[in-house]
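The primary structure of each chain is shown beneath.
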Amino acid sequence: MTFSSRTIAVLIALLVAGVLTTLAWIAPTLSFQDGALAAGITVAACFLLVYLSFEALIFREINNIYAELENVKRKEFRKLSNKFLFRPEPLKRMRDEILQMAERKQQEIDELRRLQALRREFLADVSHELKTPIFAAQGFLHTVLDGDMDDEFLRHKFLTKAATSLDALDALVQDLVTISQLEKGVVRMRRQAFDLAALVQEIFEQLEQKAGLRRVTLELFPPSLTTTGLRVLADRNRIRQVLVNLIDNAVKYGKEGGHVTVSLIESSKSIRVAVRDDGAGIPKQHQNRIFERFYRIDKSRSRDSGGSGLGLAISKHIVEAHKSTIKVHSEPGLGTTLDFKLPKPRLPRAAADAEPAGVPAS
């Protein structure tokens, strides 16, 4: 049976009062020697009571604190004792505060370990991605410089491959700079009203050759938007970058001979942009990680087929800078849809006031 500090204090007070009352009652009848002996016994009894109270309160609570800290170390947070909003006992309050602090520190340590693991993974990926085009360009250039090729056609071919590798290296470095600036918030979105449907058609023309190689059909839904258009308020260049990444991935990972559909769904205040393919889909365990830098679902894919892995990470930051979020909807074998929202431009006050006037009265 455990008692609270208040209960133990009341019991000690009653016992001490009882001892002192008994001593005061029998003291007049005792001789000097008997009185001194009784006083010594009283002091000893009070000492034992106080010592046992400290043993019961302080030492017991300290042992409980150590036991709870062991649970924190083992991350067994469910075994921690319940905490109340108010506890009159100072030792128990101190124990709760220590445990809360220990739990917070343990969570901070776990988060730091996770970030450290991500940093190591990121550095390893960056070194690998940089090494690939550097070594390729280095190999081609040294072959030409060694003078082993007398054929001008082969020299030109090798120099072209070296230039291609250096262009890929430059693109990778530019992507790294872009994502770093986006994460720091130093890149400001230059919002302007523009025709989103026209931008999608422009990107279709840019990716038409790549889609043709895989016999993929690019479609805009609804088709009427090719003539009517649909205006949004956003940074055109950045949204273009997002759509190029999403549509290019849909072409690359969709079904060969299939369809990639870009849907523009209009609501009262925003436009929902959805890019859908009919490929193999993304398993659940990967859906939360596809926006991480250099993350690839299929680790065996080469850089040429899988890209650097920065496109979706950059797209995520750009969309979030527009106060929106890219959402993933995918089922294995049923394709993948990535969508986000963009705001519509506000109508001028005069146009907004004039608009209801065109509605016929009922």
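Residues numbered from 1 in each chain as written. Predicted model: local features only at pLDDT ≥ 70, side-chain atom pairs only at ≥ 80, totals over all residues. Heavy atoms only, no water.

**Some remarks on the overall build of the protein**
Item 1. The number of helices and strands found in the protein is twelve helices and seven strands.
Item 2. Counting only residues that meet the buried cut, the protein has 31% of its 362 residues in that class.
Item 3. Taking as baseline every contact in the protein between residues at least 6 positions apart, the subset at least 24 positions apart corresponds to 72%.
Item 4. Of the accessible surface of the protein, which amounts to about 23,400 Å², a share of 58% is contributed by carbon and sulfur atoms. (Helix = DSSP H or I, 4+ residues; strand = E, 2+ residues; numbered from the N terminus. Buried < 20%, exposed > 50% of the residue type's maximum accessible area, 1.4 Å probe, protein only. Contact = heavy atoms within 4.5 Å. Areas by Shrake-Rupley, 256 points an atom, 1.4 Å probe, with all protein chains shown as cover.)

**What about the nonpolar core?**
Item 1. Judged by nonpolar contacts, the single largest core of 52 residues is most densely connected at L196, L243, I247, L264 and F340.
Item 2. Once residues lying within four places of it in the same chain are set aside, the contact partners of F340 are V242, L243, L246, I271, R272, V273, V319, S324, T325 and I326. (Core = buried A, V, L, I, M, F, W, Y, C linked by side-chain atoms within 4.5 Å.)

**Some points on the environment of L310**
Item 1. On the secondary structure map, L310 appears in the loop between α10 (303-306) and α11 (311-321).
Item 2. Placed 135 residues apart in sequence, L310 and D175 show a C-alpha to C-alpha distance of 6.8 Å.
Item 3. Here L310 is in contact with L172, D175, L176, I179, R293 and F294, once residues within four sequence places are set aside.

**A word on the side chain of T261**
Item 1. Position of T261 relative to the elements: it lies in strand β4 (residues 259-266).
Item 2. Polar side-chain contacts of T261 include one of 3.4 Å to the side chain of E219.
Item 3. Beyond its immediate stretch of four places on either side in the chain, T261 contacts E219, F221, A274, V275 and R276. (Polar contact = N/O pair within 3.5 Å; in protein donor to acceptor, adjacent residues only side chain to side chain.)

**Here we look at the pattern of salt bridges**
Item 1. In the structure shown here, the tally under the stated rule is ten salt bridges.
Item 2. Here E108 and K105 are joined by a salt bridge, their closest N and O atoms 3.7 Å apart. Remark: K105 and E108 occur in helix α3 (residues 90-145); sequence separation between them is three residues, near one turn of the helix.
Item 3. Looking at K105, the relative accessible area reads 45%, which means it is partly exposed.
Item 4. Note that R240 and E202 form a salt bridge whose closest N and O atoms lie 2.4 Å from each other. (Salt bridge = Lys/Arg side-chain N within 4 Å of Asp/Glu carboxyl O.)

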